Amino acid sequence: MSDAGPAKKKLKPNAYKYQVQCPKASCKAKNAALYEDYVQGDMVCTGCGLVVGDRVIDVGSEWRTFANDGAGKQGDPSRVGAAENPLLQSDLTIKISSIKGQTEMNDLQRASFMAGLSSKNNSLMNAFGVIDKMSDRIHLSQPINKQAKKLFKEGLDTEKLKGHKHEAIAAACLYIACRIRGYPRTFKEICAVATVDKRKIQRCFTALIEALNLNLNQTSAVNYTARFCDRLMLDTKVTKLANHISETAKDMGIVESRQPTSIVAAAIYMAILITKQEKSPADVSSVTGMSEGTIRSTYRDMYVARAYLLANVEGVDWPVVESLRNWGDSNASEKIKEKAAQWAKGNNVKPISFVKDES
């Protein structure tokens, strides 16, 4: 019989899917508990004293400090460093722990870290830092951040993005990641936190789509409405009305040539006028990033079909709808009325009567 030594931990009987039992047939204690001796590395049966396993590896955490004694409680208990980043090439490097208050050791740590990185890993680390900064500034979630980094790595591996600045590629990756994850941002929102101009980001966006053969879904106006209305401090009633206007206008086909953000901006402004909110086109422009001229021209197209857009909306003051502000005639008034009438006929929608007066 082997000396079991000091037993320190009792294994839970149902801790594992396959429970380890004493293999000795003559063991009197049926299903006896096994003790693991961390000092000797043995697993011992408490019934008969048989050493069931030897050299058992302790899989628990080890909090012994391996930094210099001068570090005290500030020392780094880790001997292996951070978890491996799957987006970086696997390189065998030496980690030097940093010590609070010792500048020379910290400088040596940074120099050792940079020397251990390959040129490609160095580029990836710099780009990932840029993505992290932009994500933090516009409050993007971690899944979007990781998606952008993955896109950057895949784009760099294709070697089809040579000649483009990494900052512009990182911004384009963040824009694409937002669309993939269903939380799209406009180019102007990305440009506001990027260090490169919009044209370079758009060129990188086109290059990434071709290099990675991406097929992005068309962004819906609804994806932007709630965020823009929140920034304008508008209530849910205005948000729902703006959503209805933008989606109905899209279904009618009267805003086919318009960008989603311009459709949202015009729909929000029309909802503001209907609900008599004290917001100007300049306020909508500052939040949505669309110029006042773009908002007005899109609004004119919606104004022509306003009787159809708002026909089935409850709680709307019809005299207010009839007297909505109009910034001149739309260039395609007759076509818009024709499309709106066809949509109404196909969906069995009866327009407001004042449309007849304008015909």
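Note that the structure is predicted; figures quoted are calculated from it, not measured. (Residues numbered from 1 in each chain as written. Predicted model: local features only at pLDDT ≥ 70, side-chain atom pairs only at ≥ 80, totals over all residues. Heavy atoms only, no water.)

A few points about the packing of helix H9 (residues 260-274) against helix H11 (residues 292-304)
With their axes 8 Å apart at the nearest point, H9 and H11 run at an angle of 70° to one another. The orientation of H9 relative to H11 falls into the category roughly perpendicular. Handedness of the crossing formed by H9 with H11: right-handed. Where H9 approaches H11, its residues Ser262, Ile263, Ala265, Ala266, Ala267, Tyr269, Met270 and Leu273 are matched on the opposing element by Thr294, Ile295, Thr298, Tyr299, Met302 and Tyr303. Considered class by class, the residues forming the contact of H9 with H11 number eleven nonpolar, three polar and no charged. (Axes fitted to C-alpha atoms, helices over the stretch in contact; angles between N-to-C directions. Helix = DSSP H or I, 4+ residues; strand = E, 2+ residues; numbered from the N terminus. Parallel < 35°, antiparallel > 145°, perpendicular 65-115°, else oblique. Left-handed = near helix turned anticlockwise from the far one by under 90°. Contact = heavy atoms within 4.5 Å. Nonpolar A, V, L, I, M, F, W, Y, C, P; charged D, E, K, R; others polar.)

Section: the packing of aromatic side chains
Each aromatic ring pair is summarised here by two numbers: the centre-to-centre distance and the angle between the ring planes. All chains considered together, the criterion is met by six aromatic pairs. When the centroid spacing of 4.0 Å and the interplanar angle of 15° are considered together, the rings of Tyr175 and Phe187 count as stacked. A residue pair is termed long-range when its members are at least 10 positions apart, and Tyr175 in helix H4 (residues 166-180) and Phe187 in helix H5 (residues 187-193) qualify at twelve residues. Just as Tyr175 is buried, Phe187 falls in that class too. Members of the aromatic cluster, each reached through a chain of ring pairs, are Tyr175, Phe187 and Phe205. Note that Arg306 overlies the ring of Tyr303, its terminal NZ or CZ placed 4.1 Å from the centroid. (Phe/Tyr/Trp six-rings, centres within 6.5 Å; stacked < 30°, edge-to-face > 60°. Buried < 20%, exposed > 50% of the residue type's maximum accessible area, 1.4 Å probe, protein only. Lys NZ or Arg CZ within 6 Å of the ring centre and 35° of its normal.)

A closer look at the confidence of the model for the chain
Mean pLDDT over the chain works out to 78, with 72% of the residues at or above the 70 mark. When the elements of the chain are averaged for pLDDT, helix H15 (residues 354-358) gives the smallest value, 44, and H4 the largest, 94. Within the model, pLDDT remains below 50 along residues 13-18, and this stretch shows two contacts once partners closer than five positions in the same chain are excluded. Predicted confidence for residues 354-359 stays below pLDDT 50, and this span has eight contacts to residues more than four positions away or in other chains. (pLDDT = per-residue confidence, 0-100.)

Details of the nonpolar core
Formed by 47 residues in total, the largest nonpolar core has its most connected members in Ile245, Met252, Ile268, Ile274, Met302, Leu309 and Leu310. Contributing elements (two or more residues each) for this core: helix H7 (222-231), helix H8 (236-252), H9, helix H10 (281-288), H11, helix H12 (306-309) and helix H14 (333-346). Here the element with the most residues in this core is H9; it accounts for eleven residues. Every residue in contact with Met252, bar those within four places of it in the chain, is listed here: Ala305, Tyr308, Leu309, Lys339, Ala340 and Trp343. Membership of the second largest hydrophobic core comes to 39 residues, among which are Ala168, Cys173, Leu174 and Phe187. (Core = buried A, V, L, I, M, F, W, Y, C linked by side-chain atoms within 4.5 Å.)

Concerning the pattern of salt bridges
Under the definition given, this model contains seven salt bridges. With a closest N to O distance of 2.8 Å, Arg227 and Glu189 form a salt bridge. In this pair, Arg227 is assigned in helix H7 and Glu189 in helix H5, connecting sequence segments 38 residues apart. We note that Arg227, like Glu189, is buried. Between Glu189 and Arg231 there is a salt bridge whose closest N-O contact spans 3.0 Å. Of this pair, Glu189 sits in helix H5 while Arg231 sits in helix H7, placing them 42 residues apart in sequence. The exposure class of Glu189 is buried, given its relative accessible area of 11%. Shared partners join several salt bridges into a network, and the residues in it are Glu189, Arg227 and Arg231. (Salt bridge = Lys/Arg side-chain N within 4 Å of Asp/Glu carboxyl O.)

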